[in-house]
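One-letter residues, chain by chain:
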Amino acid sequence: MKSIILTILLVIGCLGFSQQTTDEGIQKLFTAALETEHIKSGILHVYSQSRGIDIQLAKSKEDSIYNNSTFYTASVTKMFTATAIGILKDDNKLRFEDKIAQYLPESLLNNIHVLDSVDYSKDLTIAHLLQHTTGLPDYFTDHTIDGSPNIINQLLLNPHKSWSAEEMIAFTKQKMTPHFSPGAGYHYTDTEYVLLALIIENISGLTFHQFLLQHIFQPLQMNNSYINLKSAPIENTFSMTEFYAGDIKLSSLKSLSADWGGGGLVSTTKDLITFLKAFNTNQIVTKATRLAMQSWTHETKGMTYGFGIRKISIKDLMDTNSDVQLIGHSGSTAAFLWYCPQLDTYISGTLNQLEASKSALILVYDVLQIIENKN
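Residues numbered from 1 in each chain as written. Predicted model: local features only at pLDDT ≥ 70, side-chain atom pairs only at ≥ 80, totals over all residues. Heavy atoms only, no water.

A. How the structure looks around the packing of helix α2 (residues 77-90) against helix α9 (residues 269-280). Between α2 and α9, the shortest axis-to-axis distance is 12 Å and the interhelical angle comes to 40°. Accordingly, the angle class assigned to the pair α2 and α9 is oblique. In the packing of α2 onto α9, the handedness of the crossing is left-handed. Each of M79, F80 and T83 in α2 lies in contact with α9, whose residues at this interface are L272, F275, L276 and F279. Across the contact of α2 with α9, the residue classes tally to six nonpolar, one polar and no charged. (Axes fitted to C-alpha atoms, helices over the stretch in contact; angles between N-to-C directions. Helix = DSSP H or I, 4+ residues; strand = E, 2+ residues; numbered from the N terminus. Parallel < 35°, antiparallel > 145°, perpendicular 65-115°, else oblique. Left-handed = near helix turned anticlockwise from the far one by under 90°. Contact = heavy atoms within 4.5 Å. Nonpolar A, V, L, I, M, F, W, Y, C, P; charged D, E, K, R; others polar.)

B. Region of the structure containing the packing of aromatic side chains. Applying the stated rule across the entire model yields 11 aromatic pairs. Taking the centre distance of 5.5 Å and the plane angle of 70° together, the rings of F208 and W260 count as edge-to-face. Pair noted here: F208 is in helix α8 (residues 208-217) and W260 is in the loop between β8 (248-249) and β9 (265-267), with a separation of 52 residues, a long-range link. Every member of this aromatic cluster is reached through a ring pair, and the members are F80, F217, F275 and F279. Residue placement shows K78 over the ring face of Y193; its charged tip is 5.7 Å from the ring centre. For K161, the ring lying beneath its charged end belongs to W163, and the centroid distance is 4.7 Å. (Phe/Tyr/Trp six-rings, centres within 6.5 Å; stacked < 30°, edge-to-face > 60°. Lys NZ or Arg CZ within 6 Å of the ring centre and 35° of its normal.)

C. Examining the pattern of salt bridges more closely. Applying the stated criterion across every chain yields a total of seven salt bridges. The salt bridge involving K78 is made with D190; its shortest N-O contact spans 2.9 Å. Linking K78 in helix α2 with D190 in helix α7 (residues 190-204), this pair joins segments that are 112 residues apart in sequence. D190 carries the same exposure label as K78, and that label is buried. (Salt bridge = Lys/Arg side-chain N within 4 Å of Asp/Glu carboxyl O. Buried < 20%, exposed > 50% of the residue type's maximum accessible area, 1.4 Å probe, protein only.)

D. The arrangement of the packing of helix α6 (residues 165-175) against α7 in detail. It is the contact of α6 with α7, at a shortest axis distance of 10 Å, that shows an interaxial angle of 140°. Accordingly, the angle class assigned to the pair α6 and α7 is oblique. Like other packed secondary-structure pairs, α6 and α7 cross with a definite hand, here left-handed. Where α6 approaches α7, its residues A165, E166, M168, I169 and T172 are matched on the opposing element by T191, V194, L195 and L198. In terms of residue class, the contact of α6 with α7 is made up of six nonpolar, two polar and one charged.

E. Here's a closer look at the nonpolar core. One finds F80, I126, L195, I216 and F275 to be the most contacted residues of the largest nonpolar core, which totals 83 residues. Of the residues forming this core, the biggest block, eight residues, is contributed by α7. Every residue in contact with F80, bar those within four places of it in the chain, is listed here: L212, I216, F217, M222, L265, L272 and F275. (Core = buried A, V, L, I, M, F, W, Y, C linked by side-chain atoms within 4.5 Å.)

F. Spatial organisation of the sheet that holds strand β10 (residues 297-300). The sheet built from eight strands is open, its strands ordered β2-β1-β15-β14-β13-β12-β11-β10 with antiparallel pairing. In this open sheet, the two edge strands, each paired with only one partner strand, are β2 (53-60) and β10. Ignoring strand direction, the axes of neighbouring strands in this sheet form an average angle of 20°. (Pairing = 2+ DSSP bridges.)

G. Region of interest: the sheet that holds β9. Strand order across the open sheet formed by three strands is β3-β9-β6, with antiparallel pairing between neighbours. The open sheet has two edge strands with one neighbour each: β3 (71-72) and β6 (226-227). Pairing between β6 and β9: two bridges, direction antiparallel. Counterpart to Y226 in the pairing with β9 is V266.

H. Representation of the side chain of S322. Mapped onto the secondary structure, S322 falls in the loop between α11 (314-318) and β13 (325-330). Only 3.1 Å separates the side chain of S322 from the backbone nitrogen of V324, close enough to count as a polar contact. Sequence-distant contacts of S322, that is, excluding residues within four places in its chain, are made with I314, K315, Y365 and E372. (Polar contact = N/O pair within 3.5 Å; in protein donor to acceptor, adjacent residues only side chain to side chain.)

Interpretation note: all reported values are geometric properties and have no functional meaning in isolation.
Following this line, the structure appears as structure tokens:
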């Protein structure tokens, strides 16, 4: 009996040491990431129920920041917009293959996709929008035909402007040209996700933020999530963490209203992980819809894209021997939400800096390496 007790104590001791070193290793990685001069703050949450991991870190060089602070998720929002479309599909309100002309006014779609004198506007499908295969230009970052500033540059030129969805689509039609015919390639564009949010509104009779509130936030008790400049969280929460481009603070700009269905979500790491866990376990959309959303097309080296969801192969992206994959999404503010199926681990957070997207991905990879090496 004494030997059995001794063995149990040794096992418990080893497990405690292993968890401690995992925590310490992740803490060191996070601290190192924030030592980069241009990064002013960061939030990191690593969670795995099966591995007994729940590490939450937050640090700022300038302001108070907490583990459950809200932050701007940028394009992580696309997962929510796409999931809202999936909910409507499961309710038999639409099909992924439907032409978007069924759900949007002709005045909005008129001449939205004219390429080489051919009008493809009525050929666009919901699936095209979801997977960035319409060929439509991106009102945020693509070049304009007359050399005028695109909308991302106008954020600072006109910081008090409140953009409507219709204005963003009109800007795209007037100032930009499509890249290819529908289905003939891949081009990442927020323009498609403005159209998707409008489809959600037109079918449901709710505003985009009301739909997310009723169908995702409330059912999952995501009490700190909301759409920037459009709604408020269910519970009172901390102010949104500041984020920057260089030393320019972007988080307080009213012109961020231009980032809507493709990037306007404010949330916490806890809420985001709750969402992705529910998505992966078919609590939000059916298994058939979830699998359809994970029909992958090539994006770039090591990356493929589904319907509002991205998959990264670390082996291909970073030329390593690791078989680790990430499924989720990232945002331009260095925000991220990933699930690693091989390690059954969720990881979410932000570095709140437009220039830090690559640093955020490296941080995620290094964290997963620590967890993988503890096997």
